[in-house]
Amino acid sequence: MKLDKKDILKALESITVPGEGQNMVESGAVKNVITFGDEVIVDITIQNPSLQAKKRTEVDILKTIHEKVYEKAKITVNVKVEAPEKPKANVIKGKPIPGIQNIVAVASGKGGVGKSTVTANLAVTLAKMGFKVGVLDADIYGPSIPIMFDVANEKPLAVNIEGKSKMKPVENYGVKVLSIGFFTQPDQAVVWRGPMAAKALNQMIFDAHWGELDFLLLDLPPGTGDIHLSIMQSLPITGAVVVSTPQNVALADAKKGVAMFQQESINVPVLGIIENMAYFTPAELPNNKYFIFGEAGAKNLAEDLNVPFLGELPLVQSIREAGDVGRPAALQTATPLEQAFEKLTQNVVQEVVRRNDNLPPTEAIKITTMAGCAAVKK
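All residue numbers here refer to positions counted from 1 along the written sequence of the relevant chain. Note on the predicted model: pLDDT of at least 70 is required for a residue's local features to be given, and 80 or more for side-chain atom pairs to be given and counted; whole-chain, interface and lining totals, by contrast, use all residues. No hydrogens and no water enter the side-chain calculation; it runs on all heavy atoms of the structure.

**Q** Please clarify how the overall build of the protein should be interpreted in this entry.
**A** Secondary structure elements are defined from DSSP: runs of H or I of at least 4 residues count as helices, runs of E of at least 2 residues count as strands, and each element is numbered from the N terminus. Check the secondary structure of the protein and you find 10 helices and 13 strands. Two residues qualify as a contact provided that any one of their heavy atoms is within 4.5 Å of a heavy atom in the partner residue. Excluding contacts between residues fewer than 6 apart, the proportion of contacts in the protein whose partners are at least 24 apart in sequence is 75%.

Here it is, written out as C-alpha cells:
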C-alpha cells in the first residue's frame, strides 16, 4: 500500500505531545513526514527531556498510524529533544554597595505628606540607637535633606579609595548625607530629563564612599515614576516604607505607592505604612486630639492592604520648626516627640529584621520590556 502524507498528518492531529496542550501537528512538534510506499518516517521535536516522554511519543505515533492509516505500515520515529529557549531580555541588573547592610526606601504617593521629615527623623533616631546610618536624598527636583540636617552650605569632599576618587558624604548628627542639593545653587532649578537625573543618582550611589552602614535611607521623590525605577534598577532595596496623611486624597496615592513596590516586576517588600499628621493636640489642651486630616486613614489602609502599620506621628508645630532650622525634632530629648519617633523607628527596625529572617535578599529589578512597569494596578 502506498501511504499518503496527508493521511499521516491527519492521524497525528489526534495525538498530544506529553506536557503540552496542543496536538503535535498544530504545535509544530512534527517537523517532517516522509513516505515511501508503505514506509513512513516521522521527525518530531519535543520539549520534555525525560526518557518516559520520548518513549510515549514514539509509541503513540506508531499506534495511531497503525490504527488510523495502515496497520502494516513500516514506521520510523525520530524523536529530538529541544528545550525552549529563554527569551533574551535587556536586563538591567543592580549591584549591592559593599558595606551597606540594609537599604530602606522612604516613599509617598503624594507630595507634602512629610516624607523627608520622616526620613530625617528616622535617620537621627537610628543613629541615637547606635546604628551606622546614611541618607541619600533621591528627590532630584526638590532636595530638602540638606536643610533638615543643617548642611545646606556644605560640599562633599573627594577622597582617594583604592586609587579611585570618591565623594565623601557630608555628616551631621551621626548621619552621612548625600544630596543633589550639594551640587546646585539654592535658587537653581534642576531641569533635567529622566536619563540625566538617573545618571546623577547613580553617581551619588556608586561614586560615594559610604563606608560601613547598617541602614541607608533613600528619600524618594513623590509619585511612582522614572526616578523610582532608576533607583530600584540600581540597588537591591531591602524594603520600602510609605508615608501618608490620613486624608483620602493622600491615601489614594499612598495605595498606588504600595502597589508600585508590590508589582511582580518590582517585588520590593513593603515594610509598612506611617501615618504622619495623624492628629493635632494644642499645648494648652494636652488631652485633646483634633483629627484635622481625618482619623486613622493610613492605619485602615494598612489593614486593607495587609501590610504593617508602623505608627502615627502628630501634627506638631515644633516638628516643622525643627526641620526648617536643621535640627530634626527627634533630637529633642525627653519629649513626647522623641518617644513617638523612637517607637516608630523601633517598628521599622523590627520589620527589617523580620523581613531579613523570612525573605531572601532583594534583587534589583530587571525591566525586560518598556511596558514592564508602565502602570500600577489599583
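From this point, things continue past the structure.
**Q** Can you help me understand the pairing of strand β7 (residues 164-168) in this one?
**A** Both faces of the sheet carry side chains from a regular strand, because those side chains alternate between them. Pairing between strands requires that DSSP locate at least two bridges from one strand to the other. Pairing of strand β6 (residues 157-161) with β7, which is carried by 5 bridges, proceeds in the antiparallel orientation. Paired with V159 across the two strands is K166, which belongs to β7. Counted along the chain from β6 to the antiparallel partner β7, the turn is 2 residues long, and its residue E162 has a positive phi close to 50°.

**Q** Explanation requested: the pattern of salt bridges in the structure shown.
**A** Opposite charge on two side chains lets them pair, provided their charged atoms get close. Salt bridges are defined by distance alone: a side-chain nitrogen of Lys or Arg within 4 Å of a carboxyl oxygen of Asp or Glu. This structure, assessed with the given rule, holds 6 salt bridges. The closest approach of N and O atoms between R320 and D324, which form a salt bridge, is 3.1 Å. A residue pair is termed a helical-turn pair when its members lie 3 or 4 positions apart in one helix, as R320 and D324 do in helix α9 (residues 317-325) at 4 residues. Buried residues are those whose accessible area, probed at 1.4 Å on protein chains only, stays under 20% of the maximum for their type, while exposed residues exceed 50% and partly exposed ones sit between those limits. Residue class for R320 comes out partly exposed when judged on its relative accessible area of 48%. Among the ionic pairs, E351 bridges to R354, the shortest N-O distance being 2.5 Å. Separated by 3 residues within a single helix, E351 and R354 lie in helix α10 (residues 336-358), roughly one turn from each other. The class for R354 is partly exposed, based on a relative accessible area of 38%.

**Q** I would appreciate a short explanation of the sheet that holds strand β9 (residues 175-179) in the present structure.
**A** Note: strands within a sheet are paired through backbone hydrogen bonds, in either parallel or antiparallel orientation. Spatial strand order, β8-β9-β5-β10-β4-β11-β12-β13: 8 strands in an open sheet with mixed pairing. The open sheet is flanked by β8 (170-172) and β13 (309-312), the only strands paired with a single partner. Neighbour to neighbour, the strand axes of the sheet diverge by 25° on average, direction disregarded. Strand direction decides the pairing type here: strand β11 (residues 239-244) and strand β12 (residues 270-275), joined by 5 bridges, are parallel. Pairing of S244 across the sheet is with E275, part of β12. Think of each axis as a best-fit line through the C-alpha atoms, taken over the contacting stretch in the case of a helix, with angles from 0 to 180 degrees between the N-to-C directions. Strands β4 (100-107), β10 (213-219), β11, β12 and β13 of the sheet are contacted by α10, whose axis makes an angle of about 175° with β13.

**Q** Just to check I follow, could you spell out the packing of helix α3 (residues 115-128) against α10 for this structure?
**A** Helix packing geometry: the angle between the two helix axes and the distance between the axes. Packing of α3 against α10 brings their axes to within 9 Å, and their N-to-C directions diverge by 80°. With respect to each other, α3 and α10 are oriented roughly perpendicular. Between α3 and α10, the contacting residues are N121, L122, T125, L126 and K128 on the first element and E338, F341, E342, L344, T345, V348 and V349 on the second. Three classes are used: nonpolar for Ala, Val, Leu, Ile, Met, Phe, Trp, Tyr, Cys and Pro, charged for Asp, Glu, Lys and Arg, and polar for all others, with Gly counted as polar. In terms of residue class, the contact of α3 with α10 is built from 6 nonpolar, 3 polar and 3 charged. The labels follow the angle: roughly parallel below 35 degrees, roughly antiparallel above 145, roughly perpendicular from 65 to 115, and oblique for the rest.

**Q** What am I meant to see in the sheet that holds strand β1 (residues 30-36) here?
**A** Strand order in the open sheet formed by 3 strands is β1-β2-β3, and the pairing between neighbours is mixed. At either margin of the open sheet sits one strand with a lone partner, and together these are β1 and β3 (74-81). Each neighbouring strand pair of the sheet contributes to a mean axis angle of 10°, computed without reference to strand direction. With 8 bridges joining them, strand β2 (residues 39-46) and β3 adopt parallel strand pairing. Looking at the pairing, E39 lines up with K74 of β3. Relative to β1, helix α1 (residues 5-12) is tilted by about 140°, and along the sheet it contacts β1 and β2. With respect to the sheet, helix α2 (residues 51-68) is in contact with β2 and β3, its orientation differing from that of β3 by roughly 150°.

**Q** Mind showing me how you'd approach a nonpolar patch on the surface here?
**A** A surface patch of nonpolar side chains, about 270 Å² in accessible area, is lined by L285, Y290 and I292. Relative to the assigned elements, I292 resides in the loop between β12 and α8 (297-305). We classify I292 as exposed; its relative accessible area is 51%. In this analysis, a patch consists of residues with relative accessible area above 30% that form no salt bridge, clustered at 9 Å for like charges and at 5 Å for the nonpolar side chains Val, Leu, Ile, Met, Phe, Trp and Tyr. Surface exposure here means Shrake-Rupley accessible area, sampled with a 1.4 Å probe, where a residue is shielded only by the protein chains that are shown.

**Q** Explain the nonpolar core here, please?
**A** Proteins that are soluble and globular tend to have nonpolar side chains buried together. Of all hydrophobic cores here, the largest spans 79 residues; its most connected members are F149, V175, L216, L218, F261 and I274. Working definition of a nonpolar core: buried Ala, Val, Leu, Ile, Met, Phe, Trp, Tyr and Cys residues. They are joined through side-chain atoms within 4.5 Å. In terms of nonpolar packing, the next biggest core, distinct from the first, is built from 21 residues, I8, I46, I65 and I75 among them.

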